[in-house]
Amino acid sequence: MFKTGKRKEMFSKRDGSVGAEIIVQDLVWILASLAPKDPKFANKVRTLGCVRTMHLIFKGHYTDNKLIFPLLVILKQLAKNSVTTAILIRDGVVTTYERVLVSLGFMPTARLRLCLDAIDYFSKNKVCCMQIVKTGLCSVLLRVFDRWDRYEGRIRLKICAHILRTLQHLCNIKAGRRSLCTKKHVQTLHRFCSQCPDEPEFDGLLARVCSVITLCLKHQALPVPASSPALFNLNPILKGTNTTWPCHEDDEDGANSDSKTINSDLEDDGPDPELDLEATDEYSDLDLNDGDKLESTEGEVEKSHRLKSDSIQSAMFFNPNERDIEDLKRYFCFFKEFGSYNKQVRLVKSRSNSRESILKDFLQCQINKNGLSSLNLSLTPECDSIFPIMAGPLQSSTLFQTCNKINESTSTSSCSFLKIHKDLSKFSSFALVYCTIASRVRSVIPFVKVAFPDMIGGQGLAHPEPLNKMERSACRVKLLSCVDRAISPEAYMNEVVYDLDQLNSLAGVSDNSAPKSTESIFLSNTDEEEITKLNNFSTRLSFESRFESGNLRKAIQIGPREYELILMPDVNSTKRHQWFYFEVRNMIQGRPYVFNIVNCEKSDSQFNFGMKPVMYSVKEAVLGRPGWVRAGTDICYYRNSYHYASPRSHNKCYLTVTFNIEFPHTNDVVYLAYHFPFTYSMMMTKLWQRSLQLPPNAYLRAEPLCYSLNNNEVPLLTISADDTPTNPIADREIIFLTARVHPGESNASWVMDGTLSCLLGDTDVAASLRAKYVFKIVPMLNVEGVINGCHRCGLTNEDLNRRWSKPSPVLHPSIYHTKGLIEYLVRVWKKPPLVYCDYHGHSRKKNVFFYGCAGAESWCGSDRNVPDEPVKYLMLPALMHRISPAFALGSCSFRVERERESTARVTVWRHLGVTRSYTMEATFCGFDRGPFKGFHLNTQHLQSVGSDFCEALNGLNDTATSDDIQLTKDLNGNITEISLNGEAVNSAIAVDSEPGSGSDSVLRTDSDEDFD
């Protein structure tokens, strides 16, 4: 009896244990089916306190064939969340996965793929990377990867991709790089490179392997000094002011227009908690989703940030930062077309018909202060003290002497008061005037010549040029060559053929603290003479970049016809390399030369999506075929082995844009550039030319708005029709246009050139525009950046399009005074601009498009609560889409993002109340829709966009209401159709829905992002 009872009790316990196992098994399978479908699964598990419980079950059942698969699914979902990842790592999950991987073996099963996928997610955490190295999991992963050729189908690609992503994450820590940099591991990776099948699906894997190899090798710095020769001493300018410099260093292209935050685009150097994301941002393949964002361990930090957002909004962005009326009234001298200040006051009072107006208060204040019965505010020599600091060491008296001249010349239809135009003969040729103006320009590094294309106008050829089709095999060869050079640099030639640092030092300019001027030297160009000389058949090319907007720092010959090129950073900076413009000589016709520009910084480029650089041949011009053409073959853009010099960014590598050029002639002089150059001197020469060729009844005034930090004039243009009794100039609406705040965006200047050509043309449309509007135009906001060949900034190493909220009159004079002009119109003249548009270039999208401001799409809740009037901001883009074949309405965006609050577009919209405030973006590349689909953009296209914009302004109907416009969007929020109804217009504008970024590139390093 006793034995029977004991046996029954034992069977009962066993049945209970089996029952529990069955329940656990059922629960695990249920959770595995729910986990991938619930985006908040990890948060729910964490809230219930079951994260460690799941790991405990996983650790106890990883050899159970019935449970291992669902457990791997669950753990993968937990690995996607950074908070649950941190909990699991502290609980020893890395050791568990090492055991799981060994137990699974190397068979290509779904279990192995799930295991590697979870390790990939875990490795985004640096602590996990350290544990992967310590536990030996890194070696296990490489053993699995070494068997890649034994796997088949898509699972082979997925297994390899997961392992390579994990290895990329390991390269973010020193121990990980040291672990991978063993001879055995490097051989494993290099063996894959040499044996990788020549099939498209393997291209991405090859790029990742090359990236891992270059990252884990010994850090290789660029072969140039840490400090650039382009240094400008700001201390004399700041002396005696309350301004300090440097301010916080700008993050670049947050980085050319919207839809992407500055910080994320820029991979900026942030505090330690963000370094994990910063390091992973180097790779496009991480594909982080909402669940992957960094959170605090307790999950409260993000919540507290959200709770504080309203107070931050009011503290940072909604303080209008208004200037005194007394300060603003001093801008009246830039509006002399409206008459004297007294006349402007009377016009405003009659228009507002209010005894409580700001102007009356201001006048009464002045009367009480000075005890005067009347106030004469006409321009007098006392205006010299209006702006104590216009810019730099130049005194402000020059500007206001100019204003006195304007006052004396109000009856003239065309006048230029730009100092740089002084003593120019109207009978001089364009080339001679260009050379004269270029010789008067002040630069940081002295120039030795003017570039031939700029001297004769610099247009592109008008014939269509198709987009480049990437050659996979050529890109593979170049990528592998880059890896071989990183492994065995001694096997390549390393002969320096151009060194700007050395040339600068030999010229006695090692101290760049003083502003430089070439006024004592008359700059010219002798290229036509050079091409007639006998060729000496040199074995190496000759380079030069010491001309306006030129950018090339060093050229190194690494092969018989292969050169590594290093670009100059922006002035007073160590980064922002993208724009290039240089001269090449001593070539031989018909032989391919390879150019590798090795210190690019943008994470991706249109060079991977069809874009070619531009080339100008002097011999072709002499033969009667002048013009820039798209050139180059075997073009690709990829990450290389050169590391950033900054200690905070030492894990980052630069990127290379590589292309082959076959020059059309022997012994030619050829210019290569990122895009069609448009220099400061070209702008000034064209302004002088236009001032001599005005059509009847046109009004043009060119005057210096202010002076740059290096004493170059920043021009302000006023364009309208002559004042008549039937059409008073004071009754016209005002259009305010600006361009070229980013110096590397030369396409913006070509669009502005088209706008000016249209406005000053002898056509019915131009006459109608001049009669309808007064145009205030600042055609080049960042003159110093353009002159000195910068990409993003000027002399202060700051993005001027991030300074509109609170510009400094000392450091940002062009922004300060441009904003002052608009604020004068809003608060003193009491008539805000009808339209404000800032012209930009976009390096990651195709076509031409707008960014606007819609309260309904603002990041701020208070904006969204205000009733929106879509007709106000949608009418102009809709008209542009109808008129301009280059315009893509589907690429337009009207979001107002928090990170864009200090840009021109948002500041003018929010602080100054201009509803139609836009950024117009023009691609550097070409078109993927419309009649020009598949072709590059050229200067004629850009100029046509500028004139089309004028035509759209002519058709703008300010009396339209919200009932006159209907908007249709797709599921992604992109505009697909705009219907305009009303007296002036009645049509539906359909938008091509094709993607704007072109086909994917195997070498792409990040997704196409937006930036102003």
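Conventions we followed
Residues numbered from 1 in each chain as written. Predicted model: local features only at pLDDT ≥ 70, side-chain atom pairs only at ≥ 80, totals over all residues. Heavy atoms only, no water. Helix = DSSP H or I, 4+ residues; strand = E, 2+ residues; numbered from the N terminus. Buried < 20%, exposed > 50% of the residue type's maximum accessible area, 1.4 Å probe, protein only. Areas by Shrake-Rupley, 256 points an atom, 1.4 Å probe, with all protein chains shown as cover. Salt bridge = Lys/Arg side-chain N within 4 Å of Asp/Glu carboxyl O. Phe/Tyr/Trp six-rings, centres within 6.5 Å; stacked < 30°, edge-to-face > 60°. Pairing = 2+ DSSP bridges. Axes fitted to C-alpha atoms, helices over the stretch in contact; angles between N-to-C directions. Left-handed = near helix turned anticlockwise from the far one by under 90°. Contact = heavy atoms within 4.5 Å. Nonpolar A, V, L, I, M, F, W, Y, C, P; charged D, E, K, R; others polar. Core = buried A, V, L, I, M, F, W, Y, C linked by side-chain atoms within 4.5 Å. Polar contact = N/O pair within 3.5 Å; in protein donor to acceptor, adjacent residues only side chain to side chain. Patch = residues over 30% accessible without salt bridge, like charges linked within 9 Å, V, L, I, M, F, W, Y side chains within 5 Å.

### Thoughts on the overall build of the chain
Within the chain, the secondary structure is distributed over 36 helices and 23 strands. Counting only residues that meet the buried cut, the chain has 58% of its 1012 residues in that class. For the chain, the accessible surface area stands at approximately 40100 Å², while carbon and sulfur atoms represent 52% of it.

### A word on the pattern of salt bridges
If you walk through the whole model with that rule in mind, you get 30 salt bridges. Here R191 makes a salt bridge to D146, at a shortest N to O gap of 3.1 Å. Taken together, the residues R191 in helix α12 (residues 183-195) and D146 in the loop between α9 (137-145) and α10 (153-170) connect sequence positions 45 residues apart. The exposure class of R191 is partly exposed, given its relative accessible area of 32%. Taking relative accessible area as the criterion, D146 reaches 31% and is therefore assigned partly exposed. A salt bridge links E620 to R625, with the shortest nitrogen-to-oxygen separation between them at 2.8 Å. The network of salt bridges with shared partners includes K449, D527, E530, K533, E583 and R585.

### Brief notes about the packing of aromatic side chains
What the rule picks out here adds up to 42 aromatic pairs. Ring plane angle 55° and centroid distance 6.1 Å describe the contact between F452 and Y616, whose orientation is recorded as tilted. Of this pair, F452 sits in helix α23 (residues 452-455) while Y616 is found in strand β9 (residues 614-617), placing the two residues 164 residues apart along the sequence. Across the pair, Y616 and F452 agree in class, each one buried. For the pair F547 and Y671, a centre-to-centre distance of 5.8 Å together with 70° between the ring planes defines the contact as edge-to-face.

### Things to note about the pairing of strand β15 (residues 713-721)
Counting buried positions along β15 yields 9 of 9 residues, so the element is predominantly enclosed. Burial along β15 is two-sided: E713, P715, L717, I719 and A721 and V714, L716, T718 and S720, pointing in opposite directions, are all buried. Pairing of strand β14 (residues 698-707) with β15 involves 9 bridges; the strand directions are antiparallel. Its bridge partner being in β15, R701 is matched across the sheet by T718. Here β14 hands over to β15 after 5 residues, with N711 in that stretch at a positive phi of 65°. Pairing of β15 with strand β17 (residues 773-778) involves 3 bridges; the strand directions are antiparallel.

### Some remarks on the packing of α12 against helix α13 (residues 203-216)
Direction vectors running N to C along α12 and α13 enclose 145°, while the axes themselves pass 10 Å from each other. The handedness of the crossing between α12 and α13 comes out as left-handed. When α12 is examined against α13, the residues L189, H190, F192 and C193 are found in contact with a partner set consisting of L205, L206, V209, C210, V212 and I213. When its residues are assigned to classes, the contact of α12 with α13 shows 9 nonpolar, 1 polar and no charged.

### Structural notes on the nonpolar core
Counting 182 residues, the largest nonpolar core has F543, F595 and F949 as its most contacted members. What F595 contacts, discounting residues up to four positions off in sequence, is L541, F543, Y563, L565, V657, T658, F659, I661, F663 and L672. Formed by 81 residues, the second largest nonpolar core is a distinct cluster that contains A32, V100, V140 and V212.

### Brief notes about the sheet that holds strand β6 (residues 562-566)
Read across the sheet, 7 strands follow the order β1-β11-β12-β8-β6-β5-β3 without closing on themselves; strand pairing throughout is mixed. The sheet terminates laterally at β1 (220-221) and β3 (495-499), the two strands that pair on one side only. Contacts from helix α24 (residues 472-487) reach β1, β5 (554-559), β6, β8 (592-600), β11 (633-643) and β12 (653-662), with the element oriented near 25° to β11.

### Side note on the sheet that holds strand β4 (residues 542-544)
The sheet built from 5 strands is open, its strands ordered β4-β7-β13-β9-β10 with antiparallel pairing. Sheet topology places β4 and β10 (629-630) at the edges, where each strand pairs with a single neighbour. By the bridge criterion, 3 bridges tie β4 to strand β7 (residues 581-585) in an arrangement that is antiparallel. Residue pairing for β7: S542 is matched across the bridge by R585.

### Topic: the side chain of E620
Relative to the elements of secondary structure, E620 occurs in helix α27 (residues 618-622). There is a polar contact of 2.6 Å between the side chain of E620 and the side chain of H665. Discounting residues that sit within four places of it in the chain, E620 has contacts with R625, P626, P664 and H665.

### Some points on a nonpolar patch on the surface
Side chains of I23, L27, I30 and L34 sit close together on the surface and give an oily, nonpolar patch of about 380 Å² of accessible area. Inspection of the secondary structure assignment puts L34 in helix α1 (residues 2-34). Take L34: its relative accessible area is 47%, and that puts it in the partly exposed class.

### Focus: α9
Across the 9 residues that make up α9, a large majority, 7, are buried. Where α9 is concerned, the buried positions are L137, C138, V140, L141, L142, V144 and F145.

### Re unusual backbone geometry
Look at N586: it is not a glycine, yet its phi comes out positive at around 65°. Positionally, N586 belongs in the loop between β7 and β8. Within the chain, N667 stands out as a residue other than glycine whose phi angle is a positive 55°. If you trace the backbone, N667 turns up in the loop between β12 and β13 (669-673).

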